[in-house]
Amino acid sequence: MKQQIRLTENQFRAIIEESVKNIIREMQEGEDVESLEGGEELEEGWLGDKFNQMKTAAGTLMRSSGDKKLGIADRFKAAAKNWGTQGELNDLNTLRTMLSDLLDKRKISPNTTVGALVGGKYNNGKFGTMSAMAANRKGQIANRGGQAR
């Protein structure tokens, strides 16, 4: 037998807001989530990316799309799709930022091909700029008695 739960829009928003705060709190291992309110940005990196994904999905869930009113099932589907799309956008932005940083530091040339950058099967089995940099960093870690991951 199905049970129906009736919620007002405000009750629904409060449940989503509290759920998002709890997830962020767990991700930050007890750091004060209230400090994130008021537009303060999270640090860059994994946590910031996941926070962006949550914000995008929650925002999608909380509003209807354009002129058409969406039911809750359609909102959840749209939120799930936007979670994934925001993750892809985060990955693209991270890669673009990292490549720009390498260009700015003159570690790579703007004329470097992707194959020469990545290396391996894309560079006739030879090291590429990034694979050589990675091997160098692994060697530095090993020389200090650590194990690179």
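The paragraphs below set out a description of the structure included in this document. Sequence order as written defines residue numbering, which begins from 1 separately in each chain. Note on the predicted model: pLDDT of at least 70 is required for a residue's local features to be given, and 80 or more for side-chain atom pairs to be given and counted; whole-chain, interface and lining totals, by contrast, use all residues. Only hydrogens and water are set aside; all other atoms, that is, all heavy atoms of the structure, feed into the side-chain values.

## Focus: the overall build of the protein
Phase 1: Under the scheme used here, helices are H or I runs from DSSP no shorter than 4 residues and strands are E runs no shorter than 2 residues, and both carry numbers assigned from the N terminus. Helix and strand counts for the protein stand at 5 helices and 2 strands.
Phase 2: Along the protein, helices (α) and strands (β) appear in the sequence α-α-α-α-β-β-α when read from the amino end.
Phase 3: Relative to its 149 residues, the protein shows a buried fraction of 21%.
Phase 4: Long-range contacts, defined here as pairs at least 24 residues apart, represent 35% of the contacts in the protein between residues at least 6 apart.
Phase 5: Taken as a whole, the protein presents about 11,600 Å² of accessible surface, with 52% of it coming from carbon and sulfur. Residue exposure (1.4 Å probe, protein chains only): buried if accessible area is under 20% of the type maximum, exposed if over 50%, otherwise partly exposed. Between two residues, a contact is recorded if the distance between any of their heavy atoms is within 4.5 Å. The Shrake-Rupley method, run with a 1.4 Å probe sphere, supplies the accessible areas, and residue values consider only the shown protein chains as cover.

## Details of helix H3 (residues 72-104)
Phase 1: Helix length check: H3 (33 residues) gives 46 Å between terminal C-alpha atoms against 48 Å at 1.5 Å per residue, within 8%.
Phase 2: For H3, every residue scored as buried is listed here: Arg75, Ala79, Gln86, Gly87, Asn90 and Leu102. To estimate how far a helix should extend, the number of its residues minus one is multiplied by 1.5 Å.

## Focus: the pattern of salt bridges
Phase 1: The salt bridge criterion pairs a side-chain nitrogen of Lys or Arg with a carboxyl oxygen of Asp or Glu, the two atoms within 4 Å. Within the structure shown, the criterion is met by 1 salt bridge.
Phase 2: In this structure, the salt-bridge partner of Lys105 is Asp101, at a minimum N-O distance of 3.1 Å.

## Some remarks on the side chain of Asn123
Phase 1: Mapped onto the elements, Asn123 comes out in the loop between strand E1 (119-120) and strand E2 (126-127).
Phase 2: Residues adjacent in sequence count toward polar contacts only when both atoms are side-chain atoms; beyond that, a polar contact is any pair of N or O atoms within 3.5 Å, and within protein one must be able to donate a hydrogen and the other to accept it. At 2.9 Å, the side chain of Asn123 forms a polar contact with the backbone oxygen of Phe127.
Phase 3: Beyond its immediate chain neighbours, meaning those up to four positions away, Asn123 contacts Gly115, Ala116 and Gly128.

## Points about a nonpolar patch on the surface
Phase 1: Residues enter patches when they are more than 30% accessible in relative terms and free of salt bridges; like-charged ones are connected within 9 Å and nonpolar ones (Val, Leu, Ile, Met, Phe, Trp, Tyr) within 5 Å. On the surface, Ile5, Leu7 and Ile15 cluster together into a nonpolar patch covering about 310 Å² of accessible area.
Phase 2: With respect to the secondary-structure elements, Leu7 resides in the segment before helix H1 (9-27).
Phase 3: Overall, Leu7 belongs to the partly exposed group, its relative accessible area being 43%.

## Focus on the nonpolar core
Phase 1: What makes a nonpolar core is a set of buried Ala, Val, Leu, Ile, Met, Phe, Trp, Tyr and Cys residues whose side-chain atoms join them at distances within 4.5 Å. Core analysis: the biggest nonpolar cluster contains 7 residues, these being Phe12, Ile16, Ala57, Ala58, Leu61, Met62 and Ala79.
Phase 2: At the level of secondary structure, the elements contributing two or more residues to this core comprise H1 and helix H2 (46-62).
Phase 3: Residue contributions to this core peak at 4 residues, all from H2.
Phase 4: Among all residues touching Ile16, those that are not within four sequence positions of it are Ala58, Leu61 and Met62.

## Quick notes on the side chain of Asn90
Phase 1: With respect to the helices and strands, Asn90 occurs in helix H3.
Phase 2: Not counting the four nearest positions on each side in its chain, Asn90 is found in contact with Asp49, Asn52 and Gln53.

## As for helix H5 (residues 129-143)
Phase 1: With 15 residues, H5 extends 21 Å between its outermost C-alpha atoms, agreeing within 8% with the 21 Å of an ideal straight helix rising 1.5 Å per residue.
Phase 2: Immediately beyond the C-terminal end of H5, within one or two residues, lies Gly145, with a positive phi of roughly 90 degrees.

## Details of the environment of Gly87
Phase 1: Within the secondary structure, Gly87 is located in helix H3.
Phase 2: Between the C-alpha atom of Gly87 and that of Gln53, which follows or precedes it by 34 residues, the distance is 6.3 Å.

## Remarks on unusual backbone geometry
Phase 1: For Arg106, which is not glycine, the phi dihedral falls at a positive 60 degrees.
Phase 2: When you line up the elements, Arg106 lands in the loop between H3 and helix H4 (114-118).
Phase 3: Exposure remark for Arg106: the relative accessible area of 72% places this residue in the exposed category.
Phase 4: Non-glycine residue Asn124 carries a positive phi angle of around 55 degrees.
Phase 5: Here Asn124 lies in the loop between E1 and E2.
Phase 6: Residue classification places Asn124 among the exposed positions, given a relative accessible area of 71%.

Spatial relationships are all this shows, so hold off on functional conclusions.
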